[in-house]
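Examining the three-dimensional arrangement
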Amino acid sequence: MTRMGLATLLGGVAALVLGLILHWPAFSVLGIGLLVLVAGCLVNILRPSQLVIDRAIQPPRVPKGSPAIAVLTFANRGRYTIGVTVANQPFGDSQVRTIIPRMRRGERGMRTYRLPTRQRGIFEVGPIEVTRRDSFELFRGPRRHGDPERIWVYPRVLPLRTLPAGQTRHLEGPSSDVSPQGNITFHRLRDYVVGDDLRFIDWNIYARLDRLFLKLFLEEEDLSLFILADVSKSCDYGTPNKALYIKKVAAALGYIGRVNYNRVHIVGVSDGIAAETG
């Protein structure tokens, strides 16, 4: 019952009692009229709803950031037109609001909306809540449609190729014309230019082709990437959590290092070194 409904009920009772005590029929009729109005509005709220709503969520399991779509199908099974309705969808600690348009008798419709999947976790998706009210705003109450469901938002999975320590990264590894000596692994030949080191001229090719070529070798690098992550208690606050974002950034940088065939070391730092991996 709203404040208006409570005031109408108290006014009706007061008018009826005052009319009976003072023998004023007008007040008695007014009180009875107000009480009948309250009773009629209450019956209107308690009667079965003309609006039928069904919901389906596809898919129920999604990676973080991927779309999870809720599909609402609704119909007016009553004899009268239903006005514009606001449907609230409880999702975790938040609400997703959807507008259901005005529907005539027997009319059907469908609405789709995207559920938020920016955070990982298991989220409760409650029934659709529609606030039902009478024409005089004397009563207002929620009407629930559908059953509660769950949606799983899991981390995105990125494939990683393992790199054994001390192994050559690839056969055609990066080479450099600036540092042609490299190591003992031969890579390719290029034309000799004035100023090149004569020690690396391929004299066998010169004997056959009467042209000077310079031998290039693989220039292998064994780079290490050190990532320092603040894991102190000062970072464990906020919504979204600051420590969670630090872990995400460290994981992203580590992934970049691995796909570039570098050694990755992640070090958790608090007052000292809290943990180290790599």
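Conventions and cut-offs
- Residues numbered from 1 in each chain as written.
- Predicted model: local features only at pLDDT ≥ 70, side-chain atom pairs only at ≥ 80, totals over all residues.
- Heavy atoms only, no water.
- Helix = DSSP H or I, 4+ residues; strand = E, 2+ residues; numbered from the N terminus.
- Buried < 20%, exposed > 50% of the residue type's maximum accessible area, 1.4 Å probe, protein only.
- Areas by Shrake-Rupley, 256 points an atom, 1.4 Å probe, with all protein chains shown as cover.
- pLDDT = per-residue confidence, 0-100.
- Contact = heavy atoms within 4.5 Å.
- Phe/Tyr/Trp six-rings, centres within 6.5 Å; stacked < 30°, edge-to-face > 60°.
- Lys NZ or Arg CZ within 6 Å of the ring centre and 35° of its normal.
- Pairing = 2+ DSSP bridges.
- Axes fitted to C-alpha atoms, helices over the stretch in contact; angles between N-to-C directions.
- Polar contact = N/O pair within 3.5 Å; in protein donor to acceptor, adjacent residues only side chain to side chain.
- Salt bridge = Lys/Arg side-chain N within 4 Å of Asp/Glu carboxyl O.
- Core = buried A, V, L, I, M, F, W, Y, C linked by side-chain atoms within 4.5 Å.

**Details of the overall build of the protein chain**
- Along the backbone of the protein chain there are four helices and 15 strands.
- Considering the protein chain as a whole, with its 278 residues, one finds that 29% of them fall into the buried category.
- Surface summary for the protein chain: the accessible area is close to 18800 Å², and the carbon and sulfur share equals 59%.

**Notes on the confidence of the model for the protein chain**
- Mean pLDDT for the protein chain: 76, with 84% of residues reaching 70 or above.
- Ranking the elements of the protein chain by mean pLDDT puts strand β15 (residues 273-277) last, at 59, and helix α3 (residues 203-209) first, at 86.
- With pLDDT under 50 throughout, residues 163-182 is counted as low confidence; its partners more than four residues away or in other chains account for 35 contacts.

**A word on the packing of aromatic side chains**
- Using the criterion set out here, one finds one aromatic pair in the structure.
- Plain terms: the ring middles of tryptophan 203 and tyrosine 206 are 5.9 Å apart, the flat faces sit at 90° to each other, and that makes the pair edge-to-face. Of this pair, tryptophan 203 and tyrosine 206 both sit in helix α3, three residues apart, which is roughly one turn of the helix.
- Note that arginine 61 overlies the ring of tryptophan 152, its terminal NZ or CZ placed 4.4 Å from the centroid.

**Topic: the sheet that holds strand β6 (residues 108-115)**
- Overall, antiparallel pairing links the three strands, which are arranged β1-β3-β6 in an open sheet. Of all strands in the sheet, those bounded by a partner on one side alone are β1 (51-58) and β6. Adjacent strand axes in the sheet meet at a mean angle of 20° when their direction is disregarded.
- Of the pairings in the sheet, the one linking β1 to strand β3 (residues 68-76) comprises eight bridges and is antiparallel in character. When the sheet's bridge partners are listed, valine 52 is paired in β3 with alanine 75.

**Overview of the side chain of serine 232**
- Within the secondary structure layout, serine 232 lies in the loop between β13 (224-230) and α4 (242-259).
- Side chain to side chain, serine 232 and aspartate 230 meet in a polar contact 2.7 Å long.
- The contact partners of serine 232, leaving out residues within four places of it in the chain, are Val269 and Ser270.

**Describing the pattern of salt bridges**
- Applying the stated criterion to the full structure yields five salt bridges.
- The residue glutamate 149 makes a salt bridge to arginine 55 at a minimum N-O spacing of 3.1 Å. With glutamate 149 in strand β10 (residues 149-154) and arginine 55 in strand β1, this pair connects stretches of sequence that are 94 residues apart.
- For glutamate 124, the salt bridge is made with arginine 150, and the minimal N-O distance between the two is 2.7 Å. Residue glutamate 124 is found in strand β7 (residues 121-125), and its partner arginine 150 is found in strand β10; the two are separated by 26 residues along the sequence.

**Some thoughts on unusual backbone geometry**
- Of note, the amide linkage connecting glutamine 58 to proline 59 takes the cis form, showing an omega dihedral of -15°.
- Positionally, proline 59 belongs in the loop between β1 and β2 (61-63).
- For aspartate 210, which is not glycine, the phi dihedral falls at a positive 60°.
- Position of aspartate 210 relative to the elements: it lies in the loop between α3 and β12 (213-217).

**Some thoughts on the nonpolar core**
- Counting 22 residues, the largest nonpolar core has Ile53, Leu115 and Ile151 as its most contacted members.
- In terms of residue count, β3 provides more of this core than any other element does, four residues in total.
- Setting aside chain neighbours within four positions, we find isoleucine 151 in contact with Ile57, Pro59, Pro60, Val62, Ala68, Phe91, Leu115, Gly121, Ile122, Phe123 and Val125.
- Counting residues in hydrophobic clusters, the runner-up holds five residues, among them Val38, Cys41, Ile45 and Leu138.

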